Amino acid sequence: MGVDEAVLVSGREFGGSDTFATSQILAAAINKIGIEDDDIVLCGRQAIDGDTAQVGPQIAEKLGLPQITYAADIKVEGREVTVKRMLEDGYMTIKTQTPCLITAIKELNTPRYMSVGGIFETYSKPMSVFDFNTLKDDPLIELDTIGLKGSPTNIFASFTPPQKGQGEMLEGADQKTVDVLVDKLLAKHII
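Residues numbered from 1 in each chain as written. Predicted model: local features only at pLDDT ≥ 70, side-chain atom pairs only at ≥ 80, totals over all residues. Heavy atoms only, no water.

**Student:** A description of the overall build of the protein should follow, citing residues and the corresponding values.
**Tutor:** When helices and strands are counted, the protein shows 6 helices and 7 strands. Mapped in sequence order, the helices and strands of the protein form the string β-α-β-α-β-β-β-β-α-β-α-α-α. In terms of C-alpha radius of gyration, the protein reaches 23 Å, well past the compact-globule figure of 16 Å for 191 residues. Its C-alpha atoms give the protein principal-axis dimensions of about 70 × 45 × 40 Å. (Helix = DSSP H or I, 4+ residues; strand = E, 2+ residues; numbered from the N terminus. Rg over C-alpha atoms; globule rule 2.2 N^0.38 Å.)

**Student:** Residue-level account of the pairing of strand 2 (residues 40-44), with values.
**Tutor:** If a strand is regular, its side chains alternate between the two faces of the sheet. Burial of strand 2 is one-sided: the residues Val 41 and Cys 43 facing one way are buried, the residues Ile 40, Leu 42 and Gly 44 facing the other way are not. Both strand 2 and strand 6 (residues 100-104) contribute to a ladder of 5 bridges, which runs parallel. Within strand 6, the residue paired with Cys 43 across the bridge is Thr 103. (Buried < 20%, exposed > 50% of the residue type's maximum accessible area, 1.4 Å probe, protein only. Pairing = 2+ DSSP bridges.)

**Student:** Quick one: what's the story with helix 1 (residues 19-33), residue by residue and with numbers?
**Tutor:** In a regular helix each residue adds 1.5 Å, so 15 residues correspond to 21 Å; helix 1 covers 21 Å between its end C-alpha atoms and thus fits that length. Within helix 1, the full set of buried residues consists of Ala 21, Ser 23, Gln 24, Ile 25, Ala 27, Ala 28, Ala 29 and Ile 30. The inward-facing, buried residues of helix 1 contact strand 1 (6-9), strand 2, helix 2 (55-63), strand 7 (127-130), helix 4 (132-135) and helix 5 (147-150). Where helix 1 begins, the capping side chain belongs to Asp 18, and its oxygen is found 3.2 Å from the backbone nitrogen of Phe 20. Once helix 1 ends, the next one or two residues include Gly 34, with phi positive near 100°. (Expected span 1.5 Å × (residues − 1). Contact = heavy atoms within 4.5 Å. Polar contact = N/O pair within 3.5 Å; in protein donor to acceptor, adjacent residues only side chain to side chain.)

**Student:** Pulling in residues and values, what's your account of the nonpolar core?
**Tutor:** Of all hydrophobic cores here, the largest spans 10 residues; its members are Phe 14, Ala 21, Ile 25, Ala 28, Ala 29, Phe 130, Phe 132, Leu 135, Ile 141 and Ile 146. Breaking this core down by element, the ones donating at least two residues are helix 1 and helix 4. For this core, the leading source of residues is helix 1, giving 4 residues. Counting residues in each nonpolar core, the second largest holds 9 residues, with Cys 43, Leu 63, Leu 65 and Leu 101 among its members. (Core = buried A, V, L, I, M, F, W, Y, C linked by side-chain atoms within 4.5 Å.)

**Student:** With reference to specific residues and values, describe the sheet that holds strand 3 (residues 67-77).
**Tutor:** In space, the 5 strands of this open sheet follow the order 2-6-3-4-5, with mixed pairing throughout. Of all strands in the sheet, those bounded by a partner on one side alone are strand 2 and strand 5 (90-97). On average, adjacent strands in this sheet sit at an angle of 40° to one another, irrespective of strand direction. Across the sheet, helix 2 is in contact with strand 2, strand 3 and strand 6; its angle to strand 6 comes to roughly 180°. (Axes fitted to C-alpha atoms, helices over the stretch in contact; angles between N-to-C directions.)

Following this line, the structure appears as structure tokens:
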């Protein structure tokens with residue numbers, strides 16, 4: 001869907017990395033590719049495993065790039081980037097210059113599905129693999145802080161939260177339905 005080439009960052013030495021280590025590895029890969037004056041590094045808001053929303057901002061810090069997080073809309077005019085940033089209670093508009101890093105939220109766009117022809121076309125596009133040996137000498141990587149053994153964050157335990165009780169649907173749009181709802185909320189001391 002518009003990508004001219006791909007880079008896969010992979011290696012068993014990288015496995016188990018926390019956000020600090022992951023951001024070093026990805027920053028080194030971006031550094032190796034190179035950043036030009038009109039580039040924008042796009043990251044997701046957060047991963048689904050740790051939910052920390054730290055990797056994108058840490059990459060920006062390591063690369064010395066301005067960053068804008070939680071982008072709901074992006075407009076680019078020349079080297080000026082205007083971002084509508086989502087907040088808890090509204091939006092904030094921020095402007096910066098390229099190169100920069102932006103983390104995106106799902107409201108930024110509506111995903112499109114590739115056509116069958118587009119899928120087959122991807123097989124002809126170049127893909128590089130950056131493994132440990134490719135990135136280990138980059139000054140952004142501290143070798144003793146990557147992978148599971150080097151990550152400064154250690155998980156002592158993880159668990160699945162207990163399931164909540166099944167919800168209850170009330171049907172109807174009359175006073176009787178409202179009375180039933182109010183009785184249930186009073187019984188649970190919600191109102």
